[in-house]
Amino acid sequence: MSATRRLTTAQALVAFLARQYTERDGARHRLIAGTWGIFGHGNVAGIGQALLEPGSDAMPYYQGRNEQAMVHAAVGFARQSDRLSAHAVTTSIGPGATNLVTGAALATVNHLPVLLLPGDTFTGRPADPVLQQLEVPYAGDVSVNDCLRPVSRYFDRVTRPEALIPAALAAVRVLTDPAATGAVTLALPQDVQAEAYDWPEEFFAERVWRVRAPEPDRHELAEAVRALRAARRPLLIAGGGVHHSGAEQALETFAEATGTPVASTQAGKGSLPYDHPADVGGIGHTGTATADELARTADLVIGVGTRYSDFTTASATLFRNPDVRFVNLNITGFDAHKMGARQVVGDARAALLALTDALSGHRVPDAYVTEYREAKARWEYRVTDAYAAPDGDARPTQVQVLGVLDSLVTHDDILINAAGSLPGDLHKLWRCRSRDQYHVEYGYSCMGYEIPAAIGVQLAAPGRPVWALVGDGTYLMNPTEIVTAVQERLPIKVVVLQNHGYASIGGLSEAVGAERFGTEYRFRAPDGTYTGAPLPVDLAANAASLGMRVIHAHTVRDLREALARARRADGPTCVYVETRTPDTVSGAPAAQAWWDVPVAETATRPSTVKAREEYDRQAAARRRHL
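Residues numbered from 1 in each chain as written. Predicted model: local features only at pLDDT ≥ 70, side-chain atom pairs only at ≥ 80, totals over all residues. Heavy atoms only, no water.

**So, the overall build of the protein chain**
Stated precisely, the cut-off is as follows: Each helix corresponds to a stretch of at least 4 residues labelled H or I by DSSP, and each strand to a stretch of at least 2 residues labelled E; elements are numbered beginning at the N terminus. Just to be clear, the radius of gyration here is over C-alpha atoms, and the globule rule we use is 2.2 Å times residues to the power 0.38. Whether a residue is buried, partly exposed or exposed follows from its accessible area with a 1.4 Å probe, protein chains only, as a fraction of its type maximum: under 20%, in between, or over 50%, in that order. Contacts between residues were defined by any pair of non-hydrogen atoms, one from each residue, lying within 4.5 Å. Residues scored as charged are limited to Lys and Arg (positive) and Asp and Glu (negative), so that His and the chain ends carry no count. The location of each charge is read from NZ of Lys, CZ of Arg, CG of Asp or CD of Glu.
If you tally the helices and strands in the protein chain, you get 23 helices and 23 strands. Relative to the compact-globule value of 25 Å for 626 residues, the protein chain shows a C-alpha radius of gyration of 25 Å, a close match. When burial is assessed residue by residue, the protein chain has 57% of its 626 residues classed as buried. Long-range pairs, those at least 24 residues apart, make up 77% of the contacts in the protein chain between residues at least 6 apart in sequence. Charge separation in the protein chain, taken as the distance between the mean sites of 61 positive and 69 negative side-chain charges, equals 3 Å.

**With respect to the packing of helix 15 (residues 398-408) against helix 16 (residues 422-429)**
Selection rule: Helix axes are fitted to C-alpha atoms over the stretch in contact, other axes to C-alpha atoms as well, and angles between N-to-C directions run from 0 to 180 degrees. Each angle gets one of four labels, with under 35 degrees taken as roughly parallel, over 145 as roughly antiparallel, 65 to 115 as roughly perpendicular, and the rest as oblique. The handedness criterion is simple: a crossing whose near helix is rotated anticlockwise from the far helix by less than a right angle is left-handed, and one whose near helix is rotated clockwise is right-handed. In this classification, the charged set is Asp, Glu, Lys and Arg, the nonpolar set is Ala, Val, Leu, Ile, Met, Phe, Trp, Tyr, Cys and Pro, and all remaining amino acids, among them Gly, are polar.
Contact geometry for helix 15 and helix 16: axes closest at 11 Å, N-to-C directions at 50°. By the angle between their axes, helix 15 is oblique relative to helix 16. Handedness of the helix 15/helix 16 crossing: right-handed. For the pair formed by helix 15 and helix 16, the contact residues are Gln398, Val399 and Leu402 on the first element and Leu422, Asp425, Leu426 and Leu429 on the second. Grouping the constituent residues of the contact of helix 15 with helix 16 by class yields 5 nonpolar, 1 polar and 1 charged.

**So, the packing of aromatic side chains**
Test applied: Centres within 6.5 Å make a pair out of two Phe, Tyr or Trp rings, where for Trp the six-membered ring is used; the pair is then stacked when the planes are under 30 degrees apart, edge-to-face when over 60, and tilted otherwise. In this scheme, the term charge over a ring applies when either NZ of a lysine or CZ of an arginine sits within 6 Å of the ring centre and within 35 degrees of the ring normal.
Applying the stated criterion across every chain yields a total of 13 aromatic pairs. Relative to Trp199, the ring of Tyr197 has its centre 4.9 Å away and its plane inclined at 75°; by these criteria the two rings are edge-to-face. With a relative accessible area of 27%, Tyr197 lands in the partly exposed category. On the basis of an interplanar angle of 80° and a centroid distance of 5.7 Å, the ring pair of Tyr368 and Tyr372 is categorised as edge-to-face. Of this pair, Tyr368 and Tyr372 are both found in helix 14 (residues 366-387), 4 residues apart, which corresponds to roughly one turn of the helix. The exposure class of Tyr368 is buried, given its relative accessible area of 3%. Site record: aromatic cluster; members linked through ring pairs are Phe16, Tyr197, Trp199, Phe203 and Phe204. Positioned above the aromatic ring of Phe204 is the side chain of Arg5, whose terminal nitrogen or guanidinium carbon lies 4.3 Å from the ring centre.

**Things to note about the environment of Ala139**
As for its position among the elements, Ala139 is in the loop between strand 7 (114-120) and strand 8 (154-157). Counting along the chain gives 50 residues from Ala139 to Pro189, while the straight-line C-alpha distance between them is 16 Å.

**A short note on the state of the cysteines**
Just so we agree on the cut-off: The criterion for a disulfide is a pair of cysteine sulfur atoms lying within 2.5 Å.
The tally for this structure, following the rule as stated, stands at 0 disulfides. No disulfide involves Cys147; its sulfur sits 17 Å from that of Cys446, the nearest cysteine. On the basis of relative accessibility, which here comes to 43%, the residue Cys147 falls in the partly exposed class.

**A few points about the environment of Gly571**
Positionally, Gly571 belongs in the loop between helix 22 (556-568) and strand 23 (573-578). Look at Gly571 and you get buried, because its relative accessible area is 18%.

**Brief notes about a nonpolar patch on the surface**
Quick reminder of the rule: For patch detection, residues must exceed 30% relative accessible area and be free of salt bridges, and they are connected within 9 Å for like charges or within 5 Å for nonpolar side chains (Val, Leu, Ile, Met, Phe, Trp, Tyr). All accessible-area figures derive from a Shrake-Rupley calculation using a 1.4 Å probe, and residue coverage is judged against the displayed protein chains alone. When a carboxyl oxygen of Asp or Glu lies within 4 Å of a side-chain nitrogen of Lys or Arg, that pair is called a salt bridge.
Together, Phe39, Val44 and Tyr61 give the surface a local cluster of nonpolar side chains, amounting to about 240 Å² of exposed area. You can see Val44 is positioned in helix 2 (residues 44-52). With a relative accessible area of 44%, Val44 lands in the partly exposed category.

**Observations regarding the pattern of salt bridges**
A full pass over the atoms with the stated rule returns 30 salt bridges. Among the ionic pairs, Arg157 bridges to Asp120, the shortest N-O distance being 2.7 Å. With Arg157 in strand 8 and Asp120 in strand 7, the pair connects residues that are 37 residues apart, well separated along the chain. Both residues of the pair, Arg157 and Asp120, count as buried. When the shortest N-O distance is used, the salt bridge between Asp393 and Arg557 registers 2.8 Å. Of this pair, Asp393 sits in the loop between helix 14 and helix 15 while Arg557 sits in helix 22, and the two are 164 residues apart along the sequence. Overlapping salt bridges bring together Asp120, Asp146, Arg149 and Arg157 as one network.

**Quick notes on the sheet that holds strand 3 (residues 27-30)**
Rules: Strands qualify as paired when DSSP identifies two bridges or more between them.
Taken in spatial order, the 3 strands of this open sheet run 3-2-11, and their pairing is mixed. Looking at strand neighbours, the two that pair on one side only are strand 3 and strand 11 (207-210), the edges of this open sheet. On average, each strand axis in the sheet is inclined to that of its neighbour by 35°, with strand direction left out of account. The sheet contact formed by strand 2 (residues 20-24) and strand 3 spans 4 bridges and is antiparallel. Across the sheet, residue Thr22 finds its bridge partner in strand 3, namely His29.

**Side note on the packing of helix 15 against helix 22**
Remark: helix 15 packs on helix 22, axes separated minimally by 10 Å, with the N-to-C direction vectors making an angle of 45°. In terms of axis orientation, helix 15 runs oblique to helix 22. For the pair helix 15 and helix 22, the crossing hand works out as right-handed. Contact with helix 15, carried on its side by Gln400, Val401, Val404, Leu405, Ser407 and Leu408, involves Val556, Leu559, Arg560, Leu563, Ala564 and Arg567 of helix 22 and no other residues of that element.

**Some thoughts on the pairing of strand 22 (residues 549-553)**
Taken residue by residue, a regular strand's side chains alternate between the two faces of the sheet. As a reminder of what qualifies: Here is how to tell: hold the view so the strands point away, follow the path from the first strand over the helix to the second, and if it runs clockwise the crossover is right-handed.
Judged from the 5 bridges that link them, strand 22 and strand 23 form a sheet pairing that is parallel. Opposite His552, over in strand 23, you have Tyr576 as the bridge partner. The β-α-β motif built from strand 22, the intervening helix 22 and the parallel element strand 23 has right-handed crossover chirality.

**Some thoughts on unusual backbone geometry**
In this structure, Pro129 follows Asp128 across a cis peptide bond, with omega equal to 10°. With respect to the helices and strands, Pro129 occurs in the loop between strand 7 and strand 8. One non-glycine residue, Ser445, adopts positive backbone phi at about 45°. The topology assignment puts Ser445 in the loop between strand 19 (438-440) and helix 17 (450-460). Positive phi, normally seen in glycine, also occurs at Arg489, with a value near 55°. Within the fold, Arg489 resides in the loop between helix 19 (482-487) and strand 21 (493-498).

**Some details on helix 13 (residues 348-358)**
The cut-off we apply is this: Polar contact is defined as a pair of N or O atoms within 3.5 Å, subject to the rule that within protein one atom must be able to donate a hydrogen and the other to accept it, and that residues adjacent in sequence are counted only when both atoms are side-chain atoms.
Those residues of helix 13 not exposed but buried are Ala348, Ala350, Ala351, Leu352, Ala354, Leu355 and Thr356. The distance from a side-chain oxygen at the start of helix 13 to the backbone nitrogen of Arg349 is 3.1 Å, and the residue carrying that oxygen is Asp347.

**Brief notes about the sheet that holds strand 17 (residues 342-345)**
Pairing within the open sheet is parallel, and its 6 strands lie in the order 14-13-12-15-16-17. Of all strands in the sheet, those with a lone pairing partner are strand 14 (279-282) and strand 17, marking the two edges. Across this sheet, the average inter-strand angle for adjacent strands is 20°, counted without regard to direction. As paired strands, strand 12 (residues 234-238) and strand 15 (residues 300-304) are joined by 5 bridges and run parallel to one another. By the bridge assignment, Leu236 is partnered in strand 15 with Ile302. Sheet contacts for helix 11 (residues 289-297): strand 12, strand 13 (262-264) and strand 14; angle to strand 14, the most-contacted strand, approximately 100°.

Pasting the structure below:
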């Protein structure tokens, strides 16, 4: 008779997770390196007790303040860990569980692993409904946790203890699959969590999940090679898949061997350092003039690990060469087929190495190399001009804040951002010095991501300076994890840019004829609109009240010293900056490509009528690539 161990379902799950590992390139990593949790009646006696039972060595525990924020912290940790290590998140039933939905969507959109363990209603139904249960009249087996199904890459409800065995194995399979990973949900009814069972010892055996790096199909590779040899103006677009597969060195080798210029999506930025001769910067609506002009004239676009979002393609208006064709290297066929492309399905690193080998001796024309290098040099002058911030008593613009920070950081620093106007400024202007310096979450672009993500990144990268760059709108969405950073003594640096409202959407609103309606933080004026005096909100005092050290930067001169002090700080520190409206000298360069935000087709306001005329002009350039 095989050996068994009598444990509750929750205890068995924690013991199982503590013995799961990933392996890539000969290095082993603990898969679930910790669990975030807020406890209530749906998990306190189950997962909560299980985390306590064996001691913290078996499963480190982190106390959160908001369920969505805990997922963001877990996502930040997973991204910084190259998806080889992840965190779990446990919640009670009801609102604790539904608060996971936004974070789960963010994880799945960005292909980043996080294990969600929400409590669920009683399987045995001794009392029905229980506290926080949403009854569904047409289905007795549905709970609010079913909201997590469409945002999860795998979902299961463990309705019997023994059902945990296949569910847990399936969950880990998805978490460690580079083509399928994202949010994984195991809904845990609270009575089942506490129920004991005789578990086979084999369930708790150490398991190593080797992260696949599939080689490309030789026929697909041969077609890609033919297309590359025939191209005169190829452009490679590096997406997040380059980072996920650790393909940066392979990309550099390919670019140097062939002379192909490399543009990057938000997720792919940093695939090459900014000063590499082949790097031409961000692409698309928030991209550089260099990359976007190359995209307009390219006869071949090589997409590596990108899903071609509308920002990347400028809403299907960017690639204008009538003869342009696409070759996509991607680990998923779902993304590889986009843009009517020749598909090369496989690991990004393996595919790039195979392409480089097969193209031995092939290079793009020298004149093309000279063209894009000179264009890049011109763009760098524009970046320098935008960053310029002479010492003085003027308030800095947002771009000048980035410029001062740029002058202080090294390859060790990590920048985190997700929403507002900052992603556009960063994508155009930021000079990446290392493969993991640029951490902009622009798949789901979730306000409130930055501060909790910085905590996750700091846990994964202890000793490195981690910066969370947030506007006042984003800060107000989710400042609560400052308390967690203080509690864990994590020296994250939060830069709060106060511009009194949703500045990014204010600019977009103006562009589409909505006249910044509802985008400023102001008192109501006599006419009922929010156009009165700015609200007397003191975000610096708020951060200080949550335990952060706060440094005010009123001027450019103050800013240099404030950021330098924050970088040296050994505890969580906030730099508070009230920015001024940019002017033609100190603002970021305008968008170099379009983005489709539909404008009202009928309107009486002149601003909207004019915006619709411009919309129709731009939309006429849309093209479906087949």
